[in-house]
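Observations on the three-dimensional arrangement
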Amino acid sequence: MEIVVLYSPLIFNRAGMASTAAILRATVAVGVVKTCFVLVAAVLSDRLGRRPLLLFSTAVTLTSIAIALSIHATSAAVTISVLAFVAAFSVGLGPLVSTYNAERTGSPCPGAFFLLYAGAAVVACVFVYALVPETKGRSLENIDVLFAADDQS
């Protein structure tokens, strides 16, 4: 997540935004969307469950950035993909992972790195779907018992 926020000006520039003002507006939009969707996450995570939000945020939105950058989509399509990713990540993945970042500015195709991240996200989705239990509607005591039972097997 942080790599997208940190490198959003570079992503927007590579997507064809030439104007510094347009890049700045899009970068500010990323921050606003991130802030708003952290609040949405607080409301939705208990209502819908964390697992469906996690699966959606990893599978769909990261892949959309990868495709948009790989096929040299319009800057508007890339911006929408980045905003969707930031929103979905804030709702689904934000509380669960810490990200690493590395400078990828020398890449001939920045979409290739997001395809790598999308592949990791697919693996994460399979793991979560297969092994992580849903905690929606359970008390903290039930969740503690649920995970304690897994530790003893």
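The model shown is predicted, which means the values in this text are computed figures rather than measured ones. (Residues numbered from 1 in each chain as written. Predicted model: local features only at pLDDT ≥ 70, side-chain atom pairs only at ≥ 80, totals over all residues. Heavy atoms only, no water.)

Turning next to the environment of Met17. Its location among the elements puts Met17 in the loop between helix H2 (8–14) and helix H3 (20–48). Overall, the relative accessible area of 12% leaves Met17 in the buried class. When sequence neighbours within four positions are dropped, the list of residues in contact with Met17 reads Phe12, Ala22, Ile23, Ala26, Ser75 and Thr79. (Helix = DSSP H or I, 4+ residues; strand = E, 2+ residues; numbered from the N terminus. Buried < 20%, exposed > 50% of the residue type's maximum accessible area, 1.4 Å probe, protein only. Contact = heavy atoms within 4.5 Å.)

If you check the backbone angles, His72 has positive phi at about 55° while not being a glycine. Assignment of secondary structure puts His72 in the loop between helix H4 (50–70) and helix H5 (75–93). Residue class for His72 comes out exposed when judged on its relative accessible area of 62%.

This brings us to the UniProt feature "transmembrane region" (unreviewed entry) in the protein chain. In the numbering used here, UniProt assigns the feature "transmembrane region" (unreviewed entry) to residues 22–44, 53–71, 77–100 and 112–132. Along residues 22–44 the backbone is 100% helical and 0% strand, and the end-to-end C-alpha distance reaches 32 Å. (UniProt positions renumbered as here; feature names shortened; annotations may be inferred.)

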